Number of protein chains: 2
Amino acid sequence: MLAISEKNIKVVTNGHVTSPIGFSAGGVHCGLRRSKLDFGWIHSEVPAATAGVYTLNTFEAPPLKVTKASIAKEKKIQTIVVNSAIANSCTGKQGMDDALQMQQLAATQMGVKLDHVAVTSTGVIGVTLPMEKIRQGISSMNEPENYSAEKFETAILTTDTVTKHVAIQFEIDGKTITIGGAAKGSGMIHPNMATMLSFITTDAQVDPDSLQNALREVTNKTFNMITVDGDTSTNDMVLVLANGCQNNDTLSENHPQWPLFVHALRVVSENLAKQIARDGEGATKLVEVQVKGAASEKVASQVGKAVISSNLVKTAVYGADPNWGRIVCAVGYSEQPIDPDKVCVSLGHIDVVKNGLPLEFDELEGKKYLEQEQVKLIVDLQDGSAEATAWGCDLSYEYVKINASYRT
Amino acid sequence: MLAISEKNIKVVTNGHVTSPIGFSAGGVHCGLRRSKLDFGWIHSEVPAATAGVYTLNTFEAPPLKVTKASIAKEKKIQTIVVNSAIANSCTGKQGMDDALQMQQLAATQMGVKLDHVAVTSTGVIGVTLPMEKIRQGISSMNEPENYSAEKFETAILTTDTVTKHVAIQFEIDGKTITIGGAAKGSGMIHPNMATMLSFITTDAQVDPDSLQNALREVTNKTFNMITVDGDTSTNDMVLVLANGCQNNDTLSENHPQWPLFVHALRVVSENLAKQIARDGEGATKLVEVQVKGAASEKVASQVGKAVISSNLVKTAVYGADPNWGRIVCAVGYSEQPIDPDKVCVSLGHIDVVKNGLPLEFDELEGKKYLEQEQVKLIVDLQDGSAEATAWGCDLSYEYVKINASYRT
């Protein structure tokens, strides 16, 4: 995982979704793939207050619809089951029946309420689930040897090259609260894998409506600020489960330490989001675009997204080419009200544009900076005090290769 | 050029901007590049009614500002001068002085009114023009041997691999009207070349305001519907000059044959736009996305743009991989009100998705279809009668190579 340095927050070494009290997780190979683990789950000792954010793609996959509907009812989840390889998307009525059956089977297996089970799938679009294999995966949830956070994190991956997990701790009312998270991402691929799934767990007691507000706010600043190739999948989902096992006074907007909890949730979300961006298809670098001096947060985030999404910026970073002109250009077409004569651009510590005009700088130093594994592009609009940060990756030959050579 | 088949319209074999009566054009090497032609011009015997559309990028290059202001005054242009290699963009006051001087020098050289000269530049951002070389280019406009449409078309190119030109003829009031055009494009590059310049000439007599309306309408259906890499440059411009040398009754919305003229203007614009898309950086194919059955033209064009801009669709086409899921996904995130259960997708003649569900089709046949030099992706939303077409190209290794390896 990537480094975190925040006061009041302690990073759990090798932290996972199982770091908070009362959560277990596991994964098995149920046969959807040749040999790789392809079925995983997270389970809480008790039903957990749950918040969720979902894809904006009009094509919602059946499992996403089922999960969304169940959470809407009681705002509680106790068990999450995930399969990779097949997204169960664009599968019509059959796909809906399969998602509902998957939920039913998991509820029976774990002895939890039907509406306390979340079902999620990620993989190829337009293929229905081989239910006998899913059934086998669910039945294996009763075997202790299948339980481990690493197995879960591995089972949910598609084209990801590494597992993505993190956990942090902080004090509230003298209680040590832990938030853990796991994610899969890497971008659309082969031919159309779901982009992003994130699961966040905490042993804090949290009011579900407050949790939903916090997640929406945090998601807009983290998961919604990363891009690998701009595509939004049919299965994107972020779930946060708060099982309250720390028996703290219920956290909500009224609690004096609510800001600390929301900040901690943001730290976990940002860390997972950056891990996803860094592991984008064919990515060789994590790119951070920091926009400051904006008239509003909207302007800042739109400008940031325009720069991080530019194929020209992404290829320039891949080639370690200090092409500030491409950054300026993306700022210019972001369709935001900005003053070109105020725009300043820096590549990390190297200032390259001031008030819309180029500065003399050492090309080689710029190249050296962009050759690093993590690079920061800074845009100052000098037009206000709003800021936003976007994360992404470079565009490499490997990206084209991965995406062009499917099934060949 | 690409094939045109339209009744009432005759294609001029090897047509150019000089095919209409009263237009001449030329090009020379003035030293901005090592050896390639880098300075060109179009001249009309008489001042021509002129319409223009310009980049939406907030960073407008000085030459674009100068040209825009001059056309706004009298809506007439007689001489257009163009230099490649340097965009004179992000060059501040110096850049503005240079653009104004370039206009002044050309006006004196050709003996035309200052405001009847359009100046345009395309090339690297952030570099000022070496004016002595520009001056040399302008002085060479009096030597007959420098005159030829091919020289002009070559001089305006940046990373384009071929010249782009076309001309058509049609009858209005018994007069043969000719419309010619030349363009350069190929996408932002090295480090940031202006994307697109198009110059259209006609010997028809046209009311300038009507011409402006026609150009705006036509541009939205042609030049604004192509994408190479989604970037919009600081120097994009389309100019139409109508010099009236055919002495026809002035064309305007009130003329019974106005629709024919507008249609002809669209035919030329679409043909140039497709030539630009086909010659996109590293492109191996021309991709056409046809959206039909839309509730409105806006929905149709937004869906078309989402599909043609998707890196996943572009790489799939490059790899000749019939990944309909990527097309469906792009339709889904186009942020338009569509009904997923009505969406149909075809790869040319091969239907792959019906009412949101996959159809059985021959993978190999799909691959063979996508291996062609021109491919058509058809999306039917079954939600209305509005249509739109977008053009683009595939995303190849070559694109990454061209854009990543600048100056190395």
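Note that the coordinates shown come from a computational prediction; the quantities given were computed from them, not determined experimentally.

(A) Fine view of the domain arrangement of chain A. All names here are of chain A. For chain A, the assigned domains are domain 1 (10-278) and domain 2 (286-404). Domain 1 and domain 2 are separated by 32 Å when their C-alpha centres are compared. Opposite the 15 residues of domain 1 that make contact, domain 2 presents 18 residues. At the boundary of domain 1 with domain 2, total buried surface from both sides reaches about 1400 Å², with 61% on carbon and sulfur atoms. When the buried surface of domain 1 facing domain 2 is broken down by residue, Met-225, Thr-227 and Arg-278 rank first, second and third, together holding 43% of it. Inspection of the domain 1/domain 2 interface yields one salt bridge. Note that Arg-278 is salt-bridged to Glu-373, the shortest N-O span being 2.7 Å. Taken together, domain 1 and domain 2 are joined by two residue pairs in polar contact (both at pLDDT 80 or more).

(B) Focus on the sheet that holds strand S16 (residues 386-393) of chain A. Residues and elements named next belong to chain A. Taken in spatial order, the seven strands make up an open sheet running S9-S16-S11-S15-S12-S13-S14, and their pairing is mixed. Looking at which strands have only one partner, the edges of the open sheet turn out to be strand S9 (226-227) and strand S14 (357-358). In terms of strand pairing, S9 meets S16 through two bridges, oriented parallel. Each residue of the ladder has a partner; that of Ile-226, found in S16, is Trp-391. Of the strands in this sheet, strand S12 (344-347), strand S13 (350-354) and strand S15 (374-380) touch helix H10 (residues 363-370), which is tilted by about 120° from S15.

(C) The arrangement of the environment of Val400(B) in detail. All names here are of chain B. Among the secondary structure elements, Val-400 is positioned in helix H11 (residues 397-404). The exposure class assigned to Val-400 is buried, which follows from its relative accessible area of 0%. Val-400 sits 331 residues away from Ala-69 along the chain, and the two C-alpha atoms are 37 Å apart.

(D) Layout of the confidence of the model for chain A. All names here are of chain A. Confidence along chain A averages 91 in pLDDT terms, with 94% of residues attaining 70 or more. Of the regions scoring below 50 in pLDDT, residues 189-194 engages in 31 contacts with residues more than four places distant in sequence or in other chains. Confidence metrics for the complex model read pTM 0.85 and ipTM 0.78.

(E) Geometry of the pairing of strand S5 (residues 117-121) of chain B. All names here are of chain B. The buried count for S5 comes to five of five residues, which makes it a mostly enclosed element. Burial along S5 is two-sided: the residues Val-117, Val-119 and Ser-121 and Ala-118 and Thr-120 are all buried. Note: strand S4 (residues 76-83) against S5, five bridges, orientation parallel. Across the sheet, Val-81 pairs through a bridge with Val-119, a residue of S5.

Rules behind the numbers
- Numbering of residues starts from 1 in each chain and follows the order in which that chain's sequence is written.
- Each chain takes a letter, starting from A, and each ligand takes a number, starting from 1, following the order in which they are written.
- Reporting in this predicted model follows two pLDDT cut-offs: at least 70 for local features of residues, and 80 or more for side-chain atom pairs to be given and counted; totals over whole chains, interfaces and linings ignore these cut-offs and use all residues.
- Note: side-chain values were computed over all heavy atoms of the structure, leaving out hydrogens and water.
- Residue ranges assigned to each domain were obtained from an automatic or database domain assignment.
- In what follows, a contact means two residues having at least one pair of non-hydrogen atoms within 4.5 Å.
- Summed over both partners, buried area is the accessible surface (1.4 Å probe) that two parts give up on being assembled.
- Note on definitions: salt bridges are taken to be side-chain nitrogens of Lys or Arg within 4 Å of carboxyl oxygens of Asp or Glu.
- The definition of a polar contact used here is a pair of N or O atoms within 3.5 Å, where within protein one atom must be able to donate a hydrogen and the other to accept one, and adjacent residues in sequence count solely through side-chain atom pairs.
- Note: two strands are recorded as paired if DSSP finds a minimum of 2 bridges between them.
- In this description a helix means any DSSP run of H or I spanning at least four residues, a strand means any run of E spanning at least two, and both kinds are numbered starting from the N terminus.
- Interaxial angles span 0 to 180 degrees and are taken between N-to-C directions of axes, which are lines fitted to C-alpha atoms, for helices over the stretch in contact.
- Burial classification: accessible surface area is computed with a 1.4 Å probe over protein chains only, and a residue below 20% of its type maximum counts as buried, one above 50% as exposed, and the rest as partly exposed.
- As a per-residue measure, pLDDT tells how confident the predictor is, with possible values from 0 to 100.

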